[in-house]
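Now for the letters of each chain:
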Amino acid sequence: LTRKQKEQGLVFFPVDSSVSSTVYPDTIPEQNKIGKTVRAFATPGEYEPLVFGVYPLREIAILSAQVSDFKSSDGGVISKEAFVLRVAKYRPRRVGAREKTYYEVVPELLEKFKPLIVKETKLFWLSVHVPEDTRAGKYRGYVTLQGKDTEIKVPFSLTILPFTLPAQTEKA
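Given the structure is predicted, the values throughout are model-derived calculations rather than measurements. (Residues numbered from 1 in each chain as written. Predicted model: local features only at pLDDT ≥ 70, side-chain atom pairs only at ≥ 80, totals over all residues. Heavy atoms only, no water.)

Colleague: Summarise the environment of Val 118; cite the residues concerned and give the values.
Modeller: Mapped onto the elements of the fold, Val 118 is located in strand 10 (residues 116-118). Once the C-alpha coordinates of Val 118 and Val 106 are considered, the two residues, twelve residues apart in sequence, prove to be 16 Å apart. The residues contacting Val 118, other than those within four sequence positions of it, are Val 54, Pro 56, Arg 58, Glu 59, Ile 60 and Ile 62. (Helix = DSSP H or I, 4+ residues; strand = E, 2+ residues; numbered from the N terminus. Contact = heavy atoms within 4.5 Å.)

Written out as structure tokens, the structure is:
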């Protein structure tokens, strides 16, 4: 870890939004992912998650979280109003049956961000509804996590593809 990361008291890391990439309270991020840009792609009109974890180096309060506008190099903008930041709430879940029952703590709910004390790894879920009129291109933005003595900018890169998905049809 860098001296700056140690001083800030926590590090962030990108998370694949698939089910196979669950972040648990005891998750330790891979060294090569710490501080890396969170990347995703989407099409105009689509909802897309951009997911990251926060690993505390000591107990730390995150008092606020601000999402920036996402901007492309050719002047395109996805307004911060298109984004919603949520934090996973963890709950025990029973695994197994009868004699072999045990509990594991898993992320179960996504709650809108509110100030929190981070004592263990947390999963953050930034959802975007890409406006229908968004031009194709690479958009960059940040989520700024602010504590009493620290400020961390989590960088994002969202690639908007040059087509739209067909409307979903109902199947019986």
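On we go.
Colleague: Tell me what's going on with the sheet that holds strand 9 (residues 102-112), and back it up with residues and numbers.
Modeller: Strand order in the open sheet formed by five strands is 1-3-11-8-9, with antiparallel pairing between adjacent strands. With partners counted over all chains shown, the strands left at the sheet margins are strand 1 (10-15) and strand 9, one partner each. Strand-to-strand twist of the sheet, defined as the mean angle between neighbouring strand axes without regard to direction, takes the value 30°. The pairing of strand 3 (residues 47-56) with strand 11 (residues 122-129) spans eight bridges and is classified as antiparallel. Bridge pairing in strand 11 places Leu 50 opposite Leu 126. (Pairing = 2+ DSSP bridges. Axes fitted to C-alpha atoms, helices over the stretch in contact; angles between N-to-C directions.)

Colleague: Help me get a handle on the pattern of salt bridges, residues and values and all.
Modeller: Taken as a whole, this structure holds five salt bridges when the rule is applied. The partner of Glu 111 in a salt bridge is Lys 89, with the nearest N and O atoms 4.0 Å apart. With Glu 111 in strand 9 and Lys 89 in strand 8 (residues 83-95), this residue pair connects regions lying 22 residues apart in the sequence. For Lys 89, a relative accessible area of 34% puts it in the partly exposed group. (Salt bridge = Lys/Arg side-chain N within 4 Å of Asp/Glu carboxyl O. Buried < 20%, exposed > 50% of the residue type's maximum accessible area, 1.4 Å probe, protein only.)

Colleague: Outline the pairing of strand 12 (residues 137-146), supporting the account with residue identities and numerical values.
Modeller: It is a general feature of regular strands that their side chains alternate between the two faces of the sheet. Strand direction decides the pairing type here: strand 5 (residues 64-67) and strand 12, joined by four bridges, are antiparallel. By the bridge assignment, Ser 64 is partnered in strand 12 with Gln 146. Judged from the two bridges that link them, strand 6 (residues 70-72) and strand 12 form a sheet pairing that is antiparallel. Residue pairing in the sheet places Lys 71 in a bridge with Arg 140 of strand 12.

Colleague: Can you tell me about the layout of surface pockets, naming the residues and giving the values?
Modeller: Space inside the largest pocket adds up to approximately 230 Å³. Looking at the largest pocket, it is lined by 17 residues, and the ones nearest its centre are Ser 18, Thr 22, Pro 107, Leu 123 and Trp 125. Listed by contribution, the elements that provide at least two residues to the lining of the largest pocket are strand 9 and strand 11. At five residues, the largest contribution of residues to the lining of the largest pocket is made by strand 9. (1 Å grid on protein atoms, 1.4 Å probe; cavity = no way out; pocket = protein on both sides within 12 Å on 5 of 7 lines; lining within 4 Å. Points joined across faces, edges and corners; volume = space filled by probe spheres on them.)

Colleague: Would you mind going over the packing of aromatic side chains in detail, with residue names and values included?
Modeller: One pair of aromatic rings is described through two measures. These are the centre distance and the angle between the planes. Using the criterion set out here, one finds four aromatic pairs in the structure. Between the aromatic rings of Phe 52 and Phe 156, the centroid separation amounts to 5.7 Å while the plane-to-plane angle is 75°, which identifies the pairing as edge-to-face. One end of the pair, Phe 52, is in strand 3; the other, Phe 156, is in strand 13 (residues 151-160), with 104 residues separating them in the sequence. Summarising the aromatic geometry, the rings of Phe 70 and Phe 156 are spaced 5.9 Å apart at their centres and angled 40° between planes, so their arrangement reads as tilted. One end of the pair, Phe 70, is in strand 6; the other, Phe 156, is in strand 13, and 86 residues separate them in sequence. In this structure, Phe 70 and Phe 156 share a single accessibility class: buried. Each member of the aromatic cluster is reached from another via a ring pair, and the members are Phe 52, Phe 70, Phe 83, Phe 124 and Phe 156. Sitting over the face of the ring of Tyr 142, Lys 153 holds its NZ or CZ atom 5.4 Å from the ring centroid. (Phe/Tyr/Trp six-rings, centres within 6.5 Å; stacked < 30°, edge-to-face > 60°. Lys NZ or Arg CZ within 6 Å of the ring centre and 35° of its normal.)

Don't take any of this as a statement about function, it's just geometry.
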